[in-house]
Amino acid sequence: MLIRKPVHEVFEALANPEITSKFWFTEGSSKLEAGKTVEWTWGQFGFAATIHVTEMKEHQLIQFQWPSGENESDVRTVDIYFEPKPDKTTFVRVVERGFDSKNAHLIEEIAGQTEGWALVLSNMKAFLEFGINLNLINDHKPNE
């Protein structure tokens, strides 16, 4: 997703829970730093996840591990890449790895994660570029 903001603003929007909570989760326990464990809470769903930040490269990469579902010991790795463009925009690419190939619902799980990341990036784009929250996270599953 291309975000029409400089890379330092886009990177900060995902590293700093005071900003991220305006378009994705409702609360983060602290700013992301390599080696740190944080908790993200989606209050509207009564759900929280523990995130282990494994690598950060300023304005280039945020890498973390998070639970892959009900079992906290099963984790996936997420790489969020930030590519600055000459016109002071930023291309953000998300790669999530670690899906269980033996899972009978693998395609459904991958499709759900793809949909989720598209919603997060779209909501972030609207927030950073126009200062509005489209409520995409809340509204895509209003009954949960």
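Draft legend 1. Geometry of the side chain of N123. Looking at where N123 falls in the secondary structure, it is placed in helix α3 (residues 106-130). Within the local environment of N123, its side chain forms a polar contact with the side chain of N133, the two groups lying 3.1 Å apart. Aside from chain neighbours lying at most four places away, what touches N123 is F23, I132, N133, L134, N135, L136 and I137.

Draft legend 2. Molecular detail of the pattern of salt bridges. Scanning the model with the defined rule gives eight salt bridges in all. In this structure, E96 engages R76 in a salt bridge whose closest nitrogen and oxygen atoms are separated by 3.3 Å. Separated by 20 residues along the polypeptide, E96 in strand β7 (residues 90-97) and R76 in strand β6 (residues 75-84) bring together distant segments of the chain. Like R76, E96 is buried. We note a salt bridge from D79 to R97, for which the minimum N-O separation is 2.8 Å. Taken together, the residues span a long stretch of sequence, with D79 in strand β6 and R97 in strand β7 at a distance of 18 residues. Here D79 falls in the buried class, since its relative accessible area comes to 3%. For R97, a relative accessible area of 39% puts it in the partly exposed group. A network of salt bridges, in which partner residues are shared, links R76, E96 and E109.

Cut-offs and rules
- Residues numbered from 1 in each chain as written.
- Predicted model: local features only at pLDDT ≥ 70, side-chain atom pairs only at ≥ 80, totals over all residues.
- Heavy atoms only, no water.
- Helix = DSSP H or I, 4+ residues; strand = E, 2+ residues; numbered from the N terminus.
- Polar contact = N/O pair within 3.5 Å; in protein donor to acceptor, adjacent residues only side chain to side chain.
- Contact = heavy atoms within 4.5 Å.
- Salt bridge = Lys/Arg side-chain N within 4 Å of Asp/Glu carboxyl O.
- Buried < 20%, exposed > 50% of the residue type's maximum accessible area, 1.4 Å probe, protein only.

Worth remembering: the numbers are spatial, not functional.
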